[in-house]
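Here are the chains, one letter per residue:
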Amino acid sequence: MSNGDPVIEARGIVKWFRDPVDTQVLKGVDLKVMRGEFASVMGKSGCGKSTLLYILSTMDTDYSGELLLDGERITGAPHEHLSRLRNEKIGFVFQFHYLIPEFTVLRNVMLPGLKRGLLTEREVEERAMTHLRTMGVDHQAQKRANQVSGGEKQRVAIARALINEPLILMCDEPTGNLDSRNSDIVLGIFKGLSAKGQSLLVVTHDEDFALNTDRTIVMDDGRVVDHGKEMSV
Ligand SMILES: Nc1ncnc2c1ncn2[C@@H]1O[C@H](COP(=O)(O)OP(=O)(O)O)[C@@H](O)[C@H]1O
Ligand SMILES: [Mg+2]
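How each quantity is defined
Residues numbered from 1 in each chain as written. Chains lettered and ligands numbered in written order. Predicted model: local features only at pLDDT ≥ 70, side-chain atom pairs only at ≥ 80, totals over all residues. Heavy atoms only, no water. Pairing = 2+ DSSP bridges. Helix = DSSP H or I, 4+ residues; strand = E, 2+ residues; numbered from the N terminus. Axes fitted to C-alpha atoms, helices over the stretch in contact; angles between N-to-C directions. Parallel < 35°, antiparallel > 145°, perpendicular 65-115°, else oblique. Left-handed = near helix turned anticlockwise from the far one by under 90°. Contact = heavy atoms within 4.5 Å. Nonpolar A, V, L, I, M, F, W, Y, C, P; charged D, E, K, R; others polar. 1 Å grid on protein atoms, 1.4 Å probe; cavity = no way out; pocket = protein on both sides within 12 Å on 5 of 7 lines; lining within 4 Å. Points joined across faces, edges and corners; volume = space filled by probe spheres on them. Core = buried A, V, L, I, M, F, W, Y, C linked by side-chain atoms within 4.5 Å. Buried < 20%, exposed > 50% of the residue type's maximum accessible area, 1.4 Å probe, protein only.

## Things to note about the sheet that holds strand E7 (residues 168-172)
The mixed open sheet is built from six strands, whose spatial order is E6-E7-E8-E3-E9-E10. The outermost strands of the open sheet, each flanked by one partner alone, are strand E6 (90-93) and strand E10 (223-226). Taking each pair of neighbouring strands and ignoring which way they run, the sheet shows an average axis angle of 25°. The pairing of E6 with E7 spans four bridges and is classified as parallel. Within E7, the residue paired with phenylalanine 92 across the bridge is methionine 170.

Okay, structure coming up:
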């Protein structure tokens, strides 16, 4: 795949929530993230950013429109196939880290790698340690996840999301619960990943953060109102 190819592409994504009343949350979203691109998504609270990210990451399949991952149409694909694609190709970082609190930091990072089953446990462990080192939290590897600070947890979550060398890393307000010092650390990590060619799609409410990305996609009321650059859909 060349640099000019989208890693993920959404065409006309429409999403309704039926409960408590019928509400159309996404009203036809077109979006592309190109290989190696660091894209950010901004927009008012409630405009549909998280909803969109859940769909793009294949966790929510209840939508209409079309989704392509790495050139493959994945809309309507069987659950098991999506689950495998997600584990192989998408790294996801939530606003809240969702680490397993009673497992060690190292084990948390290793889990998606073990699930994938391509490498031996030893190899997965080595790779996990490399990522923890890049994130500056390798000294916490043997601590339980609930014994490290909030900023460290978020960096552990990023290491976990990277364990299977995903095509794209998607993050929903990854600095939303961090102080400015830790936010800067996380931004620095993303910039470093981007410099190495990692594709990133990051939802943020932090304008300074967005200014540091290649392109900012702006959403309003369930639509993309600015692609940040000319985009031929
Ligand atoms: N599970 C749900 N059921 C019903 N409405 C929801 C659900 N999740 C989100 N919404 C509504 O969808 C809209 C968009 O939410 P969300 O995608 O979380 O926005 P953002 O991430 O941009 O703040 C909001 O009005 C929210 O209340
Ligand atoms: Mg949100």
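That was the structure; now back to the text.
## Topic: the packing of helix H5 (residues 150-162) against helix H6 (residues 180-195)
With their axes 9 Å apart at the nearest point, H5 and H6 run at an angle of 20° to one another. Of the possible angle classes, the one that applies to H5 and H6 is roughly parallel. Here H5 and H6 pass one another in a crossing that is right-handed. Residues Gly151, Arg155, Ile158 and Leu162 of H5 lie in contact with H6, whose contacting residues are Asn182, Ile185, Val186, Ile189, Phe190 and Leu193. Tallied by class, the residues present in the contact of H5 with H6 amount to seven nonpolar, two polar and one charged.

## Re the layout of surface pockets
Estimates place the volume of the largest pocket at around 380 Å³. As for the largest pocket, its lining consists of 16 residues, of which Arg86, Asn87, Ile90, Phe92 and Pro112 are closest to the centre. When residues of the lining of the largest pocket are traced back to their parent elements, those giving at least two are helix H2 (79-89), E6, helix H3 (105-116) and H5. Grouping the constituent residues of the lining of the largest pocket by class yields eight nonpolar, five polar and three charged. Roughly 260 Å³ of internal volume is contained in the second largest pocket. Of the residues that constitute the lining of the second largest pocket, the class distribution is five nonpolar, five polar and three charged.

## Things to note about the nonpolar core
Counting 34 residues, the largest nonpolar core has Leu132, Ile158, Leu169 and Phe190 as its most contacted members. Listing elements by their share of this core, those giving two or more residues are H3, helix H4 (121-134), H5, E7, H6 and strand E8 (199-203). Counting residues per element, this core draws most heavily on H5, at six residues. Counting 33 residues, the second-largest nonpolar core is a separate cluster that includes Ile55, Tyr63, Ile74 and Met219.

## Some details on the packing of H3 against H4
Where H3 contacts H4, the axes come no closer than 9 Å and their chain directions differ by 125°. Between H3 and H4, the angle falls in the class oblique. Crossing of H3 over H4 shows right-handed handedness. Residues Val105, Leu106, Arg107, Val109, Met110, Gly113 and Leu114 of H3 touch H4, and the partners they reach there are Glu121, Val124, Glu125, Ala128, Met129 and Leu132.

So yeah, pure geometry; function would need other evidence.
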